[in-house]
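Coordinates in review
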Amino acid sequence: MEIDIRNTYEELSQRAKDIIIQEIKKNERLLLCTATGGSPSETYHMLGNEYQKQPKLFDELRIIKLDEWGGMPMDHPSTCESYLQAHLLQPLHISASRYIGFNSDPEDPLIECQYIQEKLKREGPIDLCILGLGMNGHLAFNEPADFLHPNCHIAELTEESLQHPMAYEMSVKPTYGLTLGMADILHAKMILILIGGIHKRPIVGKFLSQRITSLVPASFLWLHPNVVCLIEKNAIE
Ligand code: PGA
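Worth saying up front: this structure is predicted, and the values here are computed from it rather than measured. (Residues numbered from 1 in each chain as written. Predicted model: local features only at pLDDT ≥ 70, side-chain atom pairs only at ≥ 80, totals over all residues. Heavy atoms only, no water.)

1. Concerning the sheet that holds strand E4 (residues 67-70)
Under the convention used in this document: At least two DSSP bridges between two strands are required for those strands to pair. Starting at the N terminus, helices and strands are each numbered in turn, a helix being any DSSP run of H or I of at least four residues and a strand any DSSP run of E of at least two. Interaxial angles span 0 to 180 degrees and are taken between N-to-C directions of axes, which are lines fitted to C-alpha atoms, for helices over the stretch in contact. For this analysis, residues touch if any pair of their heavy atoms sits within 4.5 Å.
Within the open sheet, the three strands sit side by side as E4-E8-E7. Their pairing is antiparallel. Every interior strand has two partners, whereas the edge strands, E4 and strand E7 (153-155), have only one. Ignoring strand direction, the axes of neighbouring strands in this sheet form an average angle of 30°. On top of the sheet, helix H4 (residues 109-123) reaches E7 and strand E8 (176-179); it is set at about 130° to E7, its chief contact.

2. Things to note about the sheet that holds strand E5 (residues 99-100)
With parallel pairing, seven strands are arranged side by side in an open sheet as E1-E10-E9-E6-E2-E3-E5. The open sheet terminates on both sides in strands that have one partner only, identified here as strand E1 (2-6) and E5. Sheet topology places strand E2 (residues 31-34) next to strand E3 (residues 62-65); four bridges connect them, and they run parallel. Within E3, the position partnered with cysteine 33 by the bridge is isoleucine 64. Each of E1, E2, strand E6 (128-132), strand E9 (190-195) and strand E10 (227-232) touches helix H1 (residues 9-26); the most contacted strand, E9, lies at about 165° to it. Docked against the sheet, helix H3 (residues 80-89) engages E2, E3 and E5, running at close to 155° with respect to E3.

3. Topic: the site of the ligand
For clarity, the cut-off: One heavy atom within 4 Å of a molecule or strand is enough for the residue carrying it to be called near that molecule or strand. For the purposes of these results, a polar contact is taken to be a pair of N or O atoms within 3.5 Å, where, inside protein, one atom must be able to donate a hydrogen and its partner to accept one; residues adjacent in sequence count only when each atom of the pair is a side-chain atom. Working definition of accessibility: Shrake-Rupley area with a 1.4 Å probe, residue cover restricted to the visible protein chains.
Looking at the ligand, the residues that line it are Gly37, Gly38, Ser39, Leu133, Gly134, His138, His164 and Lys200. Glycine 38 places a polar main-chain atom, nitrogen or oxygen, 2.8 Å from an oxygen atom of the ligand. Measuring from an oxygen atom of the ligand, one finds a side-chain N or O atom of lysine 200 at 2.6 Å. Against a free-state accessible area of 280 Å², the protein chains account for coverage of 83% of the ligand.

4. Re the packing of aromatic side chains
Rule in force here: Between the rings of Phe, Tyr and Trp (Trp by its six-membered ring), a pair exists once the centres lie within 6.5 Å; its type follows the angle of the planes, with under 30 degrees stacked, over 60 edge-to-face, and the other angles tilted. Whether a residue is buried, partly exposed or exposed follows from its accessible area with a 1.4 Å probe, protein chains only, as a fraction of its type maximum: under 20%, in between, or over 50%, in that order.
Applying the stated criterion across every chain yields a total of four aromatic pairs. Residues tyrosine 44 and tyrosine 83 carry aromatic rings whose centres are separated by 6.2 Å and whose planes lie at 75° to one another, so their mutual orientation is edge-to-face. Placement of the pair is tyrosine 44 in helix H2 (residues 41-53) and tyrosine 83 in helix H3, with a sequence separation of 39 residues. Each member of the pair, tyrosine 44 together with tyrosine 83, is buried.

5. Section: helix H8 (residues 201-208)
Stated precisely, the cut-off is as follows: Arc, as used here, means the arc of the directions from the helix axis to the C-beta atoms.
Burial in H8 covers these residues: Ile203, Val204 and Phe207. For H8, the angular spread of buried residues about the axis comes to 105°, placing them on one side. For H8, the exposed residues set more than 90 degrees away from the buried face come down to Pro202 and Lys206. After H8 finishes, the residue glutamine 210 shows a positive phi value of roughly 65°.

6. Some thoughts on the pairing of E6
Among the five residues in E6, five count as buried, and that is most of the element. With three bridges joining them, E2 and E6 adopt parallel strand pairing. Bridge pairing in E6 links threonine 34 to isoleucine 130. Pairing analysis gives five bridges linking E6 to E9, with the strands arranged parallel. Within E9, the position partnered with cysteine 129 by the bridge is isoleucine 191.

7. Side note on the environment of aspartate 127
Inspection of the secondary structure assignment puts aspartate 127 in the loop between H4 and E6. With a relative accessible area of 9%, aspartate 127 lands in the buried category. For the pair aspartate 127 and asparagine 49, spaced 78 residues apart in the sequence, the C-alpha separation amounts to 22 Å. Apart from the residues lying within four places of it in its own chain, the contact partners of aspartate 127 are Asn27, Arg29, Leu30, Leu31, Arg62, Lys189 and Met190. Within the local environment of aspartate 127, its side chain forms a polar contact with the backbone nitrogen of leucine 31, the two atoms lying 2.7 Å apart.

Purely spatial values, then, with no claim about function.
Shown next, in the form of structure tokens:
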């Protein structure tokens, strides 16, 4: 794993944006898996600015949503869908045919998982996967547990995940999570994990200890051959 420590969130985002652009230049049909939340927001904003300069570069880019809050209407302002629409899909003009994403309120969540899995099988593997680090060490909604799941699944959300700012603001809480599984993530050709903020220090310490445990799902990234971990300096003790 390449650990790259940056002085500010701005610098971290700049580096992340440069890596994404470099990968799109190598492969215009890149399948980019996108986390939501605070960590990648500025990176996505910078990608939007890049679109203004060179729109053609994004003509064939494909995007897959990493996870979603379950039981919420798609157009609820706090869904991952609304976030991605506003931060990435609209700014980069990603057409519906170049986007794969869980429905946040499916009739049958299990069938929804099978549907996304099938799409990933057809379009995948993921070329570049953008991740954040959960306060409890989760990756997407692969939550700390005795065992982890390889593929798309319905996740029981932990209290820590429900404390995330996206869910915290919801008056009616999501009842479950929908997420790509550990193998779906670890089969990505390249992974970029973005970590910032003093509040992440305790979990960053566990993550950097290289002790691989299902109690810190992000620790499995140490098994992957091509991970860049961008950390803001203030997230390290
Ligand atoms: P954050 O969320 O990017 O908002 O810190 C990461 C996560 O909880 O997975």
